[in-house]
Amino acid sequence: MRFQELLVFVLSCIVCDFVINSSGARLENNGYRDIVIAINPRVQHDDNLIENVKEIVTAASSYLHNATKQQVYFSDVKILLPKTWSVNSSSVHRSRTESYEKADVVIAEPYLKYGDDPYTLQFGGCGEKGRYIHFTPNFILNNSLTAAYGPKERVFVHEWAHLQWGVFDEYNNQNPFYLSNGTYEATRCSKEIKGRIAECGEKSCRSCDIDSNSRLPKGNCKFYPNKTQTSSSSIMYTTGLSNVVEFCDNETHNPDAPNMQNKMCDYRSTWDVISKSEDFRNNRPPHSGSVIPTFTILQAKDRVLCLVLDTSGSMASENRIIRLRQAAEIFLLQIIEVQSQVGIVTFSSAANVQTRLKVINNDDVRNELVQLLPREATGGTNICAGVQSGFEVLRGDDGATHGDEIVLLTDGEDSGIKNCFQEVEQSGAVIHTIALGPSAAAELEQLSNLTGGLQFSASDNVNTSGLIDAFNALVSGNGDISQQSIQLENSGEFIDKGGRLTGNVSIDKTVGNDTFFVMTWEKEMPGVFVEDPSGHIYNKDFFVSDRTLRTARLKINGTAQTGRWKYSIYNPGTKQVITVTVTSRAADENIPPVTVNVEISEKDSFGGRTIYAEVSQGYLPVVFANVTAIIEYPTGTPVEQNLFDDGLGADIVKNDGIYTKYFHNFSGSGRYNFKVRVEGKEGATKMAIRTGTHAFYIPGYTENGNIQTNPPWPPVNMEDLETDCGDFSRVKSGRTISVPVGTPPVDLPPCKITDLQATIVKNEIELEWTAPGEDYDQGAASRYEMRMSDNLLRLRDNFSTATLVNLTNMNPQPFGLRENVTFVPENTELQNGTTIYFALCAYDKINQSSAMSNIARISVYVPLNAPPKGNNSMWKVVCSVVVVTILVCLIIGIINYVMQRKKSQTYVPE
């Protein structure tokens, strides 16, 4: 393979090591182990749900084994029950590092339910693992849905392919038909799936009306596959046909179909993508033994957590010990959930237990814990001593550490941290790490990697709110969003003497309970007031429990008023850092609040990352929000980048509630911390139906030439979805990224163009696309190379040898702007039945090429009510001949008629 082709291939597989799903599912000896299926706490206790899950996964294991040519199956599955379910304790085990938020499969009722479509949340591109599979309880329990989706075990495998191997659907509800060689086809794979295209009502079916311009079926036309098929390769199209037992491979794949699999995976078959994944890369031998999985029933519990806090001498510098107390106080008073158990350990050269576990059942307990936060800093740094004492505290509830949590904060180096790695890994506890300052141990994050914990960092930069962000992100992972604290605002600045920190925060209708405004300062207490939407001023209502803590807190009684709240903080003394933080909880436990989930991809082959922010309300996407990523560098001031949900650049699906942006502006070694600010605007931000990858709802089947329809897909109440989300504010911290010392700077190529479109305008071909950048989606590319062919696969596989389209006079625009070119193809006649395919690459100033774009095509045909384009003179000749012929026939007919009349007349003599 030539270097340029290799480069294109590598870029097309960007972020191949993407690990958003961190539940720990792994492949061992042909069997997938540690699969976690978690039931949402809002689902009512039903033992049938557990039994049905077992039946589905057991049957799915056999189906998966056959579909992958006897190579893999489901070996070990854990079913995680909510803590609220009353179950037989002898058959249920306590969860370890498994949690609802990290599960492979979640079973939950969505907010504003529309049908029971199983789906997989996919953030990344082809070959990248998904986030989770979502089934509704009704889908698991209701056998009548089999007719519409197919056997449930097959649906499970369909979704597993999305999750584990990053393949996409081979149907397309938005483009159900396409033209092929002058005739229309249903969008499907393989093309050998046979059936009828018809429009069916309640009582009968009829032939489809054909659009005179597109030549495609219109109206409510659908493809009804034959109940019995000869083709067996179509798992990612539909799982409702008994013959379908395989994935489309290179022999059966339909590259012409306008579906997501072709778009995202460069027209490769699903089996080609799967067989080249990490799971199959080493020519895995077939498995010939049992494929029946084992099941373990786990149950979540109330949080048991220990704060393990560094008090070494370095914590006295940069105001760190005060900042630690300020952030930890917010966590203890506002974030940690009711009925949680919390202990505190401090460590320097040795560790000290400040308190054993206390149950958070009232505000007095919270305040007692705050008083035990460290005030002094001295000595060395022994991280293992702190962790081991934390384990000792965690054993206080049941003698074990399984499923418990440690929040470990340190600012120091420690050469002995590796000595406790094995103990940490075997503990069954989850360790969340917070690195404070630039010198925290380089190996710190390995503790969270070993246990599935979160990892954060906070620098000593001007913006000091990073530490508060980290503690505020440490909410429970049990899936009960109604009990979680949500951060609405967090900002901090250096304020000069006589200056003010001002701003506003929107409290929307989904939150408002347990609402706090918290202000922190460095030196002298500032003046502060908060104004609610009705104009009421809070200025003497702030409570200061301990002036050495330099924190003032305002709690809003009851449910906070919906609308825009304003704050203003006046600094009367010397220049100092002031921060403001606002948190709240759900206003109604039956209405999920708008939430934000932040993910950062692993680095791609060029060293870049991708920032993802999922904005949703009860599993429904929230679209048209303003989303900004704030990146805190190891040194210097933070930078901001807008994230977009427009289907361009790093974003793979438009308007799916996942806002995305490439990030590659690393300025040196150290830790980079990411957080996201989201603002919803009244009249603009709305909920939407999820349009990503999900199981195909089969409209019906054709059997013996007759169509048998299924009930129509449940209609969407657009009034619900068009209900405006109103003004809202959210701030959510993402994880920390560490850049090792000596990492070279990167020079990135332009990003892949994904929206190339081609149309015929009179006698010309018009092509449009969105401009890529010089470095991914930054700046402007230097030049384009466009080529065309009459064969799609030949264009894909041999781009450089296809016919060149002359774009030498075209100067690329900056990323995001629309490009347009119109030309008349040379040596190619646009006659009826002609199909031409187009693709292009963009190059940067050092001649690095992007991956080849998506492939656009034009098909020439004669519209039903118009002359063929590109051949007007011939059409005129044809029309003239037809008109003359009609006139001649008409004249002859009249003459014959007159002659016949004369012969038949009877004359009466005079």
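Residues numbered from 1 in each chain as written. Predicted model: local features only at pLDDT ≥ 70, side-chain atom pairs only at ≥ 80, totals over all residues. Heavy atoms only, no water.

Overview of the overall build of the protein
What counts, and what does not: In this text, helices come from DSSP runs of H or I with a minimum length of four residues, and strands from runs of E with a minimum of two, each type numbered from the N-terminal end. Burial classes: relative accessible area under 20% of the type maximum marks a residue as buried, over 50% as exposed, and values in between as partly exposed (1.4 Å probe, protein chains only). The contact definition used throughout considers only heavy atoms, calling two residues in contact when any of these lie within 4.5 Å. Shrake-Rupley sampling with a 1.4 Å probe provides the accessible areas, and residues are treated as covered by the protein chains on show and by no other component. Counting rule for charge: Lys and Arg are taken as positive, Asp and Glu as negative, and neither His nor the chain ends is counted. The atoms used to mark charge sites are NZ of Lys, CZ of Arg, CG of Asp and CD of Glu.
Scanning the protein for helices and strands turns up 16 helices and 47 strands. Each principal axis of the C-alpha distribution contributes one length, and for the protein these read about 135 × 65 × 65 Å. Counting every position in the protein, which comprises 910 residues, the buried fraction comes to 55%. Considering only residue pairs separated by 6 or more positions, the protein has 76% of its internal contacts joining residues 24 or more positions apart. Summed over all atoms, the accessible surface of the protein reaches about 38500 Å², with 49% contributed by carbon and sulfur. Between the averaged position of the 82 positive side-chain charges in the protein and that of its 105 negative side-chain charges there is a distance of 3 Å.

Regarding the sheet that holds strand β36 (residues 670-680)
Strand-to-strand pairing in sheets goes through backbone hydrogen bonds, with the strands running parallel or antiparallel. Going by this rule: Note on pairing: DSSP must find at least two bridges between two strands before they are called paired. Note on geometry: axes are C-alpha line fits, over the in-contact stretch for helices, and angles between N-to-C directions span 0 to 180 degrees.
Spatial ordering of the open sheet is given by β34-β33-β36-β40, a layout of four strands whose pairing is antiparallel. One side of each edge strand has no neighbouring strand; the edge strands of this open sheet are β34 (639-643) and β40 (728-739). Taken pair by pair, the neighbouring strands of this sheet meet at an average axis angle of 20 degrees, ignoring direction.

Digging into helix α8 (residues 320-335)
As a reminder, the rule being used: In a helix, the anticipated span is given by 1.5 Å times the number of residues less one.
Here α8 contains 16 residues, and its C-alpha end-to-end distance of 21 Å stays within 8% of the 22 Å for a straight helix at 1.5 Å per residue. Summarising burial for α8: 16 of the 16 residues are buried, a large majority.

Describing the confidence of the model for the protein
Just so we agree on the cut-off: Along the chain, pLDDT gives the predictor's confidence residue by residue, from 0 to 100.
Per-residue confidence for the protein averages 88 on the pLDDT scale, and 91% of its residues sit at or above 70. Contacts from residues 1-23, a stretch scored under 50 in pLDDT, to residues over four places away or in other chains number 53 contacts. Counted against residues more than four places away or in other chains, residues 901-910, with its pLDDT under 50, gives zero contacts.

Considering unusual backbone geometry
Look at the link from Cys189 to Ser190: it is a cis peptide, with omega at 5 degrees. Relative to the elements of secondary structure, Ser190 occurs in the loop between β11 (183-186) and β12 (195-200). Backbone geometry at Glu318 places phi at a positive 55 degrees, although glycine is not the residue there. Topologically, Glu318 is positioned in the loop between β16 (304-310) and α8. On the basis of relative accessibility, which here comes to 49%, the residue Glu318 falls in the partly exposed class.

Looking at the sheet that holds strand β1 (residues 26-28)
Strand order in the open sheet made by the three strands is β1-β2-β4, with mixed pairing throughout. Two strands close off the open sheet at either side, each with one partner strand: β1 and β4 (73-74). Here two bridges tie strand β2 (residues 31-33) to β4, and the two strands are oriented parallel to one another. Paired with Tyr32 across the bridge in β4 is Phe74.

Examining the state of the cysteines
Just so we agree on the cut-off: Any cysteine sulfur atom paired with another within 2.5 Å is treated as part of a disulfide.
For the structure shown, the criterion picks out four disulfides. Here Cys208 engages in a disulfide with Cys221; their sulfurs sit 1.9 Å apart. The chirality of the disulfide connecting Cys208 with Cys221 is left-handed, given an S-S dihedral of about -135 degrees. With Cys208 in the loop between β13 (205-206) and β14 (221-225) and Cys221 in strand β14, the pair connects residues that are 13 residues apart, well separated along the chain. Classification of Cys208 by relative accessible area gives buried; the value is 14%. Residue Cys384 pairs covalently with Cys420 via a disulfide, S to S 2.2 Å. Between Cys384 and Cys420, the S-S dihedral sits near -80 degrees, and the bridge is therefore left-handed. With Cys384 in helix α10 (residues 383-394) and Cys420 in the loop between β19 (405-410) and α11 (421-427), the pair connects residues that are 36 residues apart, well separated along the chain. Cys420 carries the same exposure label as Cys384, and that label is buried.

A short note on helix α9 (residues 363-371)
Going by this rule: By definition, the arc is the one covered by directions from the helix axis to the C-beta atoms. As used in this structure description, the phrase polar contact means that two N or O atoms lie within 3.5 Å; if the pair is within protein, one of them must be able to donate a hydrogen and the other to accept it, and residues adjacent in sequence are counted only when both atoms belong to side chains.
Here α9 has its buried residues at Val365, Arg366, Leu369 and Val370. Axial view of α9: buried residues confined to an arc of 145 degrees, hence all on one face. Of the surrounding secondary structure, the elements contacted by the buried residues of α9 are α8, β17 (341-347) and β18 (351-359). For α9, the side-chain oxygen to backbone nitrogen distance between the N-cap and Asp364 is 2.9 Å, and the N-cap itself is Asn362.

Side note on the side chain of Ser233
The topology assignment puts Ser233 in the loop between β14 and α6 (260-264). For Ser233, a relative accessible area of 4% gives the class buried. A polar side-chain atom of Ser233 sits 3.3 Å from a polar atom in the side chain of Glu246. Contact partners of Ser233, with chain neighbours within four places excluded, come to Cys189, Ser190, Glu246, Phe247, Cys248 and Thr252.

Observations regarding the pattern of salt bridges
Under the convention used in this document: Put simply, a salt bridge is a Lys or Arg side-chain nitrogen that is within 4 Å of an Asp or Glu carboxyl oxygen.
Counted by the stated rule, this structure contains 46 salt bridges. Notably, a salt bridge pairs Arg131 with Glu599, separated by 3.4 Å at the nearest N-O pair. Residue Arg131 is found in the loop between β8 (119-121) and β9 (132-135), and its partner Glu599 is found in strand β30 (residues 594-600); the two are separated by 468 residues along the sequence. Accessibility classification places Arg131 together with Glu599 in one group, the buried group. Among the ionic pairs, Lys575 bridges to Asp496, the shortest N-O distance being 3.8 Å.

Overview of the packing of helix α2 (residues 47-67) against helix α5 (residues 152-165)
Using the following cut-off: Our angle categories are set so that under 35 degrees counts as roughly parallel, over 145 as roughly antiparallel, 65 to 115 as roughly perpendicular, and the remainder as oblique. Take the far helix as the reference: if the near one is turned anticlockwise from it by less than a right angle, the crossing is left-handed, and if turned clockwise, right-handed. Lys, Arg, Asp and Glu make up the charged group, whereas Ala, Val, Leu, Ile, Met, Phe, Trp, Tyr, Cys and Pro make up the nonpolar group; the residues left over, Gly among them, are polar.
Direction vectors running N to C along α2 and α5 enclose 70 degrees, while the axes themselves pass 8 Å from each other. Taken together, the axes of α2 and α5 lie roughly perpendicular to each other. Pair α2 / α5 crosses with right-handed handedness. Contacts between α2 and α5 involve Ile56, Val57, Ala59, Ala60, Tyr63 and Leu64 from the former and Lys152, Glu153, Arg154, Phe156, Val157 and Trp165 from the latter. Here the contact of α2 with α5 is built from residues that sort into nine nonpolar, no polar and three charged.

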